[in-house]
There are 2 protein chains.
Amino acid sequence: VGLLEEVIAGSPSALARAISVVEDRRDGCRELLSRCHRRERQGFRIGLTGPPGAGKSTLGSRLALAFDKAGDSVGVIAVDPTSPFTGGALLGDRVRMNELSGRTGVFVRSMATRGASGGLAAATADAALVLDAASKRWILIETVGVGQVELDVAETADVVVVVLTPESGDGVQTLKAGLIEVADIFVVNKADRPAADRMHQNLRTTLELRPSGSPEIPIISTVAVSGEGIEELISAIREHKNKLTDPERAKRHRVRMARSHVVRLVEARVKSRLSSADELLETLAQRVARLEIDPYEAADQVIAAGAVDLLSKMRKRKPKAIPAKSDG
Amino acid sequence: VGLLEEVIAGSPSALARAISVVEDRRDGCRELLSRCHRRERQGFRIGLTGPPGAGKSTLGSRLALAFDKAGDSVGVIAVDPTSPFTGGALLGDRVRMNELSGRTGVFVRSMATRGASGGLAAATADAALVLDAASKRWILIETVGVGQVELDVAETADVVVVVLTPESGDGVQTLKAGLIEVADIFVVNKADRPAADRMHQNLRTTLELRPSGSPEIPIISTVAVSGEGIEELISAIREHKNKLTDPERAKRHRVRMARSHVVRLVEARVKSRLSSADELLETLAQRVARLEIDPYEAADQVIAAGAVDLLSKMRKRKPKAIPAKSDG
């Protein structure tokens with residue numbers, strides 16, 4: 001495929017097209033990704049997550065600028081929910097991000113969540129593979145919100161930075177949101193606000209509740225708008241990256257990342273199957289509403305229909321998959 | 001099954017056991033639910049969702065108390081994430097809820113999210129069916145957080161109340177979190193705080209951006225700790241309930257609820273299949289990490305294995321399903 005060669009050669013427009021092919025699952029998507037996967041992984045994936053309004057975009061811009069100034073190329077994937085009104089991505093606070101696009105070394109891409117959350121984590125992981133092929137050294141993956149899907153997206157990263165503010169609530173609430181399970185680094189942004197010290201302390205206390213031997217999670221204070229603390233954050237990210245150079249740890253990390261990618265792909269396919277089973281679902285839902293069948297029988301029927309369909313599709317696809325494998 | 005008869009007769013301990021059977025998917029779960037489903041639905045499901053710290057528990061307690069005082073029976077399902085440290089549910093702010101348990105007419109149940117978010121929305125919908133059988137007139141479903149899973153849970157309710165605070169960020173951020181798509185009623189809680197009016201205004205402006213003809217979404221100001229605004233909230237809930245008595249609308253609503261229940265069940269089964277395919281996943285992840293296969297081939301193999309397995313299980317289950325259907 002000429003497209004991948006153009007991406008590898010460094011064409012930003014080819015990169016944008018390649019990500020679109022992947023995002024929309026167009027023809028050639030699978031072969032493109034399969035070829036990207038067989039190349040050596042170059043980029044280090046940084047996941048930025050946290051509640052809305054925590055300043056993730058500003059922080060992401062700061063990081064991207066700092067990497068760019070140091071001469072490293074950067075790819076940014078900003079996950080945007082789709083507006084229910086316009087059908088388009090809500091760009092609002094991405095404007096600042098777009099300023100970055102002017103810089104040659106920084107490639108910014110918004111991805112819409114498209115209401116259905118199915119394939120988001122899978123699509124993000126796929127897009128990161130394409131950015132790898134484009135030799136981006138740092139890949140920033142920025143999510144909106146702190147729900148399960150956002151955590152799934154964050155988990156496709158090599159390091160997960162959870163961004164909070166002094167107003168983000170106490171440690172127990174942080175725990176609740178499942179953030180401590182995914183965080184490699186905490187950032188208390190807007191650290192010039194009065195409650196910042198208390199938040200920092202609160203987080204530290206909460207982290208101390210973990211069993212001894214739990215991995216250390218640094219807590220960095222930043223003021224993203226002024227750039228305060230960005231250097232410390234970059235140091236913490238580099239330190240995490242260095243830890244992963246240990247061969248045994250690197251191997252385990254690669255397996256874990258591969259596993260989460262496969263799980264996300266399977267979930268994404270099931271979701272896409274469900275949305276294409278619209279007619280069957282509607283018929284079954286009507287029968288359930290009329291109490292003719294119960295929801296459990298309906299679910300059985302959906303799964304049976306899907307399984308038959310998937311198996312027959314897979315049998316058809318088999319002969320195609322083999323030559324694709326042998327050209328690597 | 002004697003258990004369901006005890007639930008119908010009003011035994012709280014039988015109700016607790018029945019929900020455990022459903023939550024843990026124990027033997028007899030499916031038959032129990034199938035029989036619950038064939039009974040007339042009695043309870044009106046109120047979903048309470050919103051960011052952590054918005055005061056959903058306090059608001060839920062207030063609502064439950066008010067319904068109880070009016071002589072109506074209430075069931076509360078509080079969805080709690082599991083602590084990664086203790087493996088148990090984080091009860092923290094549920095203490096207030098537990099005080100309610102002393103009241104005969106109010107049944108409170110915490111459900112753990114168990115890390116994996118798979119079956120949560122399905123389990124909640126199932127538990128609500130059991131509360132229906134126990135003749136609960138109002139079923140409160142309270143979630144933590146505002147991610148996709150929480151929105152899925154909220155969608156199993158007849159009316160979705162989104163609880164915000166004056167500090168919840170501006171309208172655009174609310175939009176982003178996908179809340180406007182699921183909200184039937186907005187609550188600005190902690191309305192005695194300075195920024196409350198601005199938040200209220202901001203929400204109103206954001207709602208006005210929707211296309212004309214969009215359903216009206218009331219915005220109620222409350223101070224849950226003092227009980228201020230609870231009556232207005234209950235009026236708004238009753239008004240929403242009345243709208244659903246229109247036969248045509250009621251029918252569409254029933255079909256939509258049935259459909260979302262079926263979709264959640266299918267998703268839950270796929271998730272549980274994935275977690276039981278642990279060995280296969282690990283083997284495939286290792287091969288992916290060694291670049292022997294790509295993640296897309298691995299996903300194919302997981303799906304193929306699952307589909308074969310599901311189909312063979314379903315063939316075995318068929319003869320059982322038929323007698324269960326004929327006794328209704």
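Residues numbered from 1 in each chain as written. Chains lettered and ligands numbered in written order. Predicted model: local features only at pLDDT ≥ 70, side-chain atom pairs only at ≥ 80, totals over all residues. Heavy atoms only, no water.

Enquirer: Just give me the short version of the environment of A64(A), but keep the residues and values in it.
Expert: Residue and element names in this part refer to chain A. Mapped onto the elements of the fold, A64 is located in helix α4 (residues 56–69). Classification of A64 as buried rests on a relative accessible area of 0%. Separated by 75 residues in sequence, A64 and I139 have C-alpha atoms that sit 9.0 Å apart. (Helix = DSSP H or I, 4+ residues; strand = E, 2+ residues; numbered from the N terminus. Buried < 20%, exposed > 50% of the residue type's maximum accessible area, 1.4 Å probe, protein only.)

Enquirer: Just give me the short version of the packing of aromatic side chains, but keep the residues and values in it.
Expert: A full pass over the atoms with the stated rule returns 4 aromatic pairs over all chains. Between the aromatic rings of F44(B) and W138(B), the centroid separation amounts to 6.0 Å while the plane-to-plane angle is 85°, which identifies the pairing as edge-to-face. One end of the pair, F44(B), is in strand β1 (residues 44–49); the other, W138(B), is in strand β4 (residues 138–142), and 94 residues separate them in sequence. Of the two residues, F44(B) and W138(B), neither departs from the other in class, the shared state being buried. Centre to centre, the rings of F67(B) and W138(B) are 4.2 Å apart; their planes meet at 5°, and the pair counts as stacked. Taken together, the residues span a long stretch of sequence, with F67(B) in helix α4 (residues 56–69) and W138(B) in strand β4 at a distance of 71 residues. Residue classification places F67(B) among the buried positions, given a relative accessible area of 1%. Ring pairs connect the aromatic residues F44(A), F67(A) and W138(A), which therefore count as one cluster. Note that K241(B) overlies the ring of W138(B), its terminal NZ or CZ placed 5.4 Å from the centroid. (Phe/Tyr/Trp six-rings, centres within 6.5 Å; stacked < 30°, edge-to-face > 60°. Lys NZ or Arg CZ within 6 Å of the ring centre and 35° of its normal.)

Enquirer: Go over the pattern of salt bridges with me, naming the residues and quoting the values.
Expert: Oppositely charged side chains can pair when the atoms bearing their charge come close. All names here are of chain A. Taken as a whole, this structure holds 28 salt bridges over all chains when the rule is applied. Across the pair D24 and R26 runs a salt bridge whose closest N-O atoms are separated by 2.9 Å. Relative accessible area serves as the criterion here: at 36%, D24 is assigned to the partly exposed category. Judged by relative accessible area, which is 42%, R26 ranks as partly exposed. (Salt bridge = Lys/Arg side-chain N within 4 Å of Asp/Glu carboxyl O.)

Enquirer: Before we move on, could you go through α4(A) and cite the residues and values that matter?
Expert: Residues and elements named next belong to chain A. The end-to-end C-alpha distance of α4, which contains 14 residues, comes to 20 Å, matching closely the 20 Å that a straight helix rising 1.5 Å per residue would cover. Burial within α4 is extensive, with 10 of its 14 residues counted as buried. Just downstream of α4 lies G71, where phi reads positive at about 90°. (Expected span 1.5 Å × (residues − 1).)

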